[in-house]
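# Overview (structure and organization)
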Amino acid sequence: MNYRFHNLLGAPYRGGNAAIVNNNLLVSPVGNRVSVTDLLKSETITLPCQASTNLRRIAASPDGVFLLTVDENNRCLFINLPRRAVLHRLSFKHPVSDVKFSPDGRLIAVAAGKLLQIWRSPGFRKEFFPFELIRTFSDCNDRITSLDWSPSSDYLVVGSKDLTGRLFYLSKGKKKKNSYSKPFLFLGHRDTIVGTFFGVDKKTNDVTKVYTLSRDGAIFTWGYSSNDPEPTKMEEDCSEPDSPGMPEQRQDAEERKDLGAIGDGDEDDEHLLHKKKWSLLKKDFFMQAQAKLTACDYHRGLDLVVVGFSNGVFALYQMPDFVCLHLLSISREKITTAVFNDLGNWLTFGCAKLGQLLVWEWKSESYILKQQGHYFDVNCIAYSPDSQLLATGADDNKIKVWTASSGFCFVTFSEHTNAVTALHFMPNNHCLLSASLDGTVRAWDLFRYRNFKTFVTPTPKQFVSLAADQSGEVICAGTLDSFEIFVWSMKTGRLLDVLSGHEGPVHGLMFSPNTSILASSSWDKTVRLWDVFSGKGGVEKFEHTHDVLTLTYRPDGKQLACSTLDGQIHFWDTLEGLEMFTIEGRRDIAGGRLMTDRRSAANSSAGKCFTTLNYSADGSYILAGGSSKYICMYDVADQVLLRRFQITHNLSLDGVLDFLNSKNMTEAGPLDLIDDDDSDTEEGVDKQSQKKLAYDLPGSMPNHGRPIIRTKCLRIAPTGRSWAAATTEGVLIYSMDESFIFDPTDLDIDVTPEAVDAALKEDEPKRALILSLRLNEDTLIKKCIVAVSPVDIPAVASSVPFRYLLRLVQALGDLLEQSPHLEFILRWCQELCKAHGSSIQQNNRNLLPALKSLQKAVTTLHQDLADTCSSNEYMLRYLCSTSNSR
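Let us look at the structure shown here. (Residues numbered from 1 in each chain as written. Predicted model: local features only at pLDDT ≥ 70, side-chain atom pairs only at ≥ 80, totals over all residues. Heavy atoms only, no water.)

### Some details on the overall build of the protein
Rules: Starting at the N terminus, helices and strands are each numbered in turn, a helix being any DSSP run of H or I of at least four residues and a strand any DSSP run of E of at least two. Categorising residues by exposure relies on relative accessible area from a 1.4 Å probe, with only protein chains included: less than 20% of the type maximum marks a residue as buried, more than 50% marks it as exposed, and the intermediate range marks it as partly exposed. Only heavy atoms matter for contacts: two residues are in contact if any of them lie within 4.5 Å across the pair. In short, Shrake-Rupley with a 1.4 Å probe defines the accessible areas, and a residue's cover is counted only from the protein chains shown.
When helices and strands are tallied, the protein shows 10 helices and 58 strands. Here the protein, with 886 residues, has 54% of them falling under the buried criterion. For the protein, long-range pairs separated by at least 24 residues make up 51% of all intrachain contacts whose partners lie at least 6 apart in sequence. When the accessible surface of the protein is summed, it comes to about 40700 Å², and 50% of that surface belongs to carbon and sulfur atoms.

Written out as structure tokens, the structure is:
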């Protein structure tokens, strides 16, 4: 199965800066990946490329084509954003605190520790060394915290932890040997500078001001007088000797290769900003008691400054008069990023501790985007019957429902008071069931977005599994503490029965798709079958040698699969009550070594088992996942491993590396558990933390450890075109690759694309369609379908052999989503059902994924047409009445 990574849902924003590209694309880091949100279309995609660790900084080129990401290990990825492909990679030697493209897109400024580095942007050129370091400034005495380019890409203003701002000039043209211009120093701040920006004259677009913002809430406005005296010859010729050991930093511009690419020609001295007599024009202070300034941005065209504070308050000021336009509190936690869009009408704020990104339009005072992922681990997921919706439940007590195609969450339910452990969609597609450790099972209405029914027990229990029969009349839930299964009526909400017999937590529960038999698995090493409706209780018991962790039914109900603690998957014939075969999966899922492990990944036996299973729509393969970085796909008939998916390469998570450095293992334990990060928590990006491992001591900096990578739940969409996995990073969605795959059937020397075109020219659509189906080329099949006249559809549909029916139904499903010929495609579907109805019914197991995709397309079109017709109902009546009167 050609599944590839498609999207990432439910992952919270953990820190780093955000960027807005082309005025409406919000680019933000999500762990070690990059998420791109279209604010106009309300769609979110996650780029398939991964960094080695969590991302710290991102920067986008002015034209929105290139994206630069830097992770915690100072490794850089240069990405083509429209193509979602990594072009180049680079590693910096110092911690990167800021990075920005120049306004012309040709240069990249990188704040690497105390150094300011100027790199040439690689672009689309194919070079052996795409990144070229043009110049390095080493004038700062402490770590650089912020930087900004002038509109002409000639100057840079930076701020650092030494409480000083500096104005650097990128020299143009030919200079004297060893000439070096000292940066101008902006002094006077009493705390670390967190933002430096150039201000321009709106009429001439020349730089006239510089703004510097410090962490204590001070903003200084710097300017120069236009009638400054000309610099003397001695000032022009002043230079400094080379620093010992670093000769490359003082090289002459004419000796550097292609240094003239920065700019051409000599500048008049009167236009050189670093030779102006800058002075402090104004001091202003943001009045936020006991709060530090943590994020800021400046919009040059509107002369607006937005600032965010450590208490969750943000403010918008009109400069240079320092007039407060808005002051609003969005949370009680620190704001870690604030950014304007290109037009300046939208503000983006990020709060790492809440895992939330907000886009706010300040003129209308309304939210454009208010998306928040699950802050803690996602425990369970469920697809709707039509595969359009995806529900997720997590340890943060919340349930979120997402649109699978757009990746947007449209409703969040927060009535549960403890972790959500199981979800189940009812067959009508408009009702969702959830089970929680708070002792309740709740039913949610997806029309009115409310909890319309709650199922409880006489004494409080903790529910960990959930199931509903095909009719939706009976609800069952398994418990963690009492080892019982409770049965309720969906209509009345009454407790009907309590099934007892298990001697361990009931973690697996599922109704047979075709019968009323309920299957349950428990840690007591048994799988039990129950006849819920007849009241007979337990019907069958399947014994195992180890604890049973989960179970799942094949879609036809004739086979049941369950996983045990020894890493095996057992397959049972539910009709005969016999074990058919087993799959040994310990070696397949093995991999990844925790930082506390004293054994290698190959020799460790801990966690080598599957905790979640799910059959495909046709039952031909099964997905299995557990406490590992791998998800395994097995062929059920041959019991072989088809494919193994590695869900992440993020080294910020534990259990990703197979080999650890032995130097990090000491007698007292691994060095990775020691938090030696000396950076200020007010400035740095908060480390990713999933749970509090212990109480924090007052005045201490706690070490929350690294989250362990694992898969808690797997679900394959009913259409079979995609599947989702609830992992430590979030909900990963894998879908079929849409690229061209040449997979012909019944191919001989006469079956060629030329033969298909010849048959179409000779007006033989039947032969052309059969040839295209034998070639199995998607574009040719669709071309032949459209070429058939409506009158010939019944004859052509009846002549298609059954072995090609699956491919034809898939092509019709794709055409129904793309083609404007709605009636024509529906006519095809109708004639296929008439001609091959009995064959489809007999072989529905193989055709089920394709039929589900077709049903999804028809349902979507029906909803769209229904909305359009209902909105234009009165117009249609008016048109009909006028035509009758005439």
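That was the structure; now back to the text.
### Brief notes about the side chain of Ser121
Along the chain, Ser121 falls in the loop between strand E12 (115-120) and strand E13 (132-137). Ser121 sits in the buried class, given a relative accessible area of 5%.

### Re the packing of helix H5 (residues 778-787) against helix H7 (residues 805-818)
Quick note on the threshold: Note on geometry: axes are C-alpha line fits, over the in-contact stretch for helices, and angles between N-to-C directions span 0 to 180 degrees. To sort the angles, those under 35 degrees are grouped as roughly parallel, those over 145 as roughly antiparallel, those from 65 to 115 as roughly perpendicular, and the leftovers as oblique. Note on residue categories: nonpolar means Ala, Val, Leu, Ile, Met, Phe, Trp, Tyr, Cys or Pro, charged means Asp, Glu, Lys or Arg, and polar means any other residue, Gly included.
Two elements in contact, H5 and H7, have axes whose closest approach is 10 Å; the angle formed by their N-to-C orientations is 75°. Taken together, the axis directions place H5 and H7 in an arrangement best described as roughly perpendicular. Counting all contacts with H5, which are made through Asp778, Ile781, Lys782 and Ile785, the residues of H7 involved are Arg807, Leu808, Ala811, Leu812, Asp814, Leu815 and Gln818. When grouped by side-chain class, the residues that make up the contact of H5 with H7 number six nonpolar, one polar and four charged.

### Thoughts on the sheet that holds strand E48 (residues 568-573)
This is how the line gets drawn: Pairing between strands requires that DSSP locate at least two bridges from one strand to the other.
What the four strands build is an open sheet, ordered E46-E47-E48-E49; its pairing is antiparallel. One side of each edge strand has no neighbouring strand; the edge strands of this open sheet are strand E46 (548-553) and strand E49 (578-584). Ignoring which end each strand starts from, the neighbouring axes of this sheet average 20° apart. Both strand E47 (residues 559-564) and E48 contribute to a ladder of five bridges, which runs antiparallel.

### A closer look at the pattern of salt bridges
Defined as follows: Here, a salt bridge means any Lys or Arg side-chain nitrogen found within 4 Å of an Asp or Glu carboxyl oxygen.
Using the criterion set out here, one finds 21 salt bridges in the structure. Lys100 is paired through a salt bridge with Asp148; the nearest N and O atoms lie 3.9 Å apart. Of this pair, Lys100 sits in strand E10 (residues 96-101) while Asp148 sits in strand E14 (residues 144-149), placing them 48 residues apart in sequence. When the shortest N-O distance is used, the salt bridge between Arg120 and Glu132 registers 2.3 Å. Taken together, the residues span a long stretch of sequence, with Arg120 in strand E12 and Glu132 in strand E13 at a distance of 12 residues. Note on Arg120: relative accessible area 10%, which makes it buried. Within the structure, one salt-bridge network assembled from shared partners comprises Asp778, Lys782, Arg807 and Asp814.

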